[in-house]
Every structure is written in C-alpha cells, then in structure tokens.
Amino acid sequence: MARLISLLVICFLGLAACTDTGPAQLGSDGKPLPKAYKIRGNPATLQFRMVDSVNALRQASGLGPVQLNPQLNAAAATHARDMSVQNRPWHFGSDGSSPIDRAARAGYPGIFLGEAISETYESEVETLAAWMEEPGPRSVILDPKAINMGFGWYQENNGKIWWTLEMGS
C-alpha cells in the first residue's frame, strides 16, 4: 500500500510540474532562476516518502527493499548541515571526515556502502531523479547489498537545500 501511495505521489508531483506558471525569470546566465522548494511539515514524513521512492526504484530493478536506519539518518543530517557550512557539495566533512568515518561516528554497526549528495533548490523527488541519472549515485541507491538507508537535509534561509543519502548493509 505504501508503495502504491509513493508511486501516486511521484506521478502527482510529475503532473504538477507540467502546469504553466507563466514566464520564468532569467538569471544573468540566461537560464531560469530556480524556484525554491520549501520543506514543510514533519521531517519523518519526508524521510518515509524518500525511502518509499527508493524502494519503488529498487523493486523495479529486482532488488530488495531498504529500511531507514537512525544512525545513518543522523550521519546524513550532520553531513547535510556541514556541507552548508562549507558551502560546497562534497563527500568530506569540514573536519576531514569521510562518509565511512561519519557513519561509524554515528554508531552505525553495519558496512557503509555509499553516499549521494546534492546542493539544489529542488524537492527530494526531483533530487532522487537527478541522482538516478548519474552513474555514481545510481549505483549507491541500487546497490544489491543495501538493506539500510539514511536520509537527511538542511535548508538554508535562502531556500537552498543540501541533501544527503547514505546506504549500508
């Protein structure tokens, strides 16, 4: 049932993106300025939507589901905030920590498999779609050994969102 709801939400968001909102404002580079997606509501709801979306993609690829892991969630949230502080999307913390270090520091007892990160103004669904188009993040999300997932974010006052997804077994 949760998967069906997730797929319906993804379809609804896709259709909502098709509506005409008038002429786009252009930046100095001639490209449309991003419209900030404002995160609202219960943070757990966003995490459950993401794990449902990831599991729908994994099921479509013949893979088993993953479940949210509190330690990986903590590592992901910490790194999202740290990327904001550093003002750059990259896999190393401001203290030099690697994704493996952060998972261990958060108390994750399993094997850390990989991390996907993003700096954007887009929703979690749009971010997941972008990750699936890139070989590195796609292989993390569709790792056959994955059984645990962590997902965190940090939204700045200007609307920019720093997303982090962690996978482990």
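Relevant structure appears above.
What comes next is a walk through the structure. (Residues numbered from 1 in each chain as written. Predicted model: local features only at pLDDT ≥ 70, side-chain atom pairs only at ≥ 80, totals over all residues. Heavy atoms only, no water.)

**Overview of the side chain of His79**
This is how it is decided: Starting at the N terminus, helices and strands are each numbered in turn, a helix being any DSSP run of H or I of at least four residues and a strand any DSSP run of E of at least two. Burial status follows relative accessibility: with a 1.4 Å probe on protein chains alone, a residue under 20% of its type maximum counts as buried, one over 50% as exposed, and anything between as partly exposed. Note on definitions: a residue-residue contact is assigned when non-hydrogen atoms from the two residues lie within 4.5 Å.
Here His79 lies in helix H3 (residues 70-86). Residue classification places His79 among the buried positions, given a relative accessible area of 0%. Aside from chain neighbours lying at most four places away, what touches His79 is Trp90, His91, Phe92, Gly93, Arg102, Glu115, Ile117 and Thr164.

**Comments concerning helix H2 (residues 43-60)**
The cut-off we apply is this: An expected span of 1.5 Å times one less than the residue number is assigned to each helix.
Its 18 residues give H2 an end-to-end C-alpha distance of 26 Å, which sits within 8% of 26 Å, the value for a rise of 1.5 Å per residue. Among the residues making up H2, those that are buried are Leu46, Gln47, Met50, Val51, Ser53, Val54, Asn55, Ala56 and Arg58. Where H2 terminates, the next one or two residues include Gly62, which has phi positive at roughly 75 degrees.

**A closer look at the side chain of Asp82**
What counts, and what does not: Within this scheme the basic residues Lys and Arg register as positive and the acidic residues Asp and Glu register as negative, but His and the chain ends are omitted. A pairing counts as a salt bridge when a side-chain nitrogen of Lys or Arg comes within 4 Å of a carboxyl oxygen of Asp or Glu.
Structurally, the position occupied by Asp82 is in helix H3. Arg102 is the oppositely charged side chain nearest to the buried, salt-bridge-free Asp82, at an N-O distance of 5.9 Å. In this structure Asp82 touches Phe92, Gly93 and Ser94, once residues within four positions along its chain are discounted.

**Remarks on the pattern of salt bridges**
Counted according to the given criterion, the structure contains 5 salt bridges. Linking Asp95 and Arg105 is a salt bridge whose minimum nitrogen-to-oxygen distance equals 3.2 Å. With Asp95 in the loop between H3 and helix H4 (99-105) and Arg105 in helix H4, this pair connects stretches of sequence that are 10 residues apart. For the pair Asp95 and Arg105, a shared accessibility class is recorded, and that class is exposed. Residues Asp143 and Lys145 are paired through a salt bridge, measuring 3.7 Å at the closest nitrogen-oxygen approach.

**Details of the packing of aromatic side chains**
What counts is decided by this rule: Pairing of aromatic rings covers Phe, Tyr and Trp, the last counted by its six-membered ring, and requires centre-to-centre distances within 6.5 Å; plane angles under 30 degrees mean stacked, over 60 mean edge-to-face, and any other angle means tilted.
For the structure shown, the criterion picks out 4 aromatic pairs. Ring geometry for Phe151 against Trp163: centres 5.5 Å apart, planes inclined by 15 degrees, an arrangement best described as stacked. Here Trp163 lies in strand E4 (residues 161-168) and Phe151 lies in strand E3 (residues 148-155), a separation of 12 residues in the sequence. Each of the two residues, Phe151 as well as Trp163, counts as buried.

**Focus: the pairing of E4**
Here is the rule we go by: Following DSSP output, two strands are said to pair if at least two bridges run between them.
Burial runs high along E4: 8 of the 8 residues are buried. Covered by surrounding structure in E4 are Ile161, Trp163, Leu165 and Met167 together with Trp162, Thr164, Glu166 and Gly168, the residues of both alternating faces. Sheet topology places strand E2 (residues 112-120) next to E4; 8 bridges connect them, and they run antiparallel. For Ile117, the partnering residue across the bridge sits in E4 and is Thr164.

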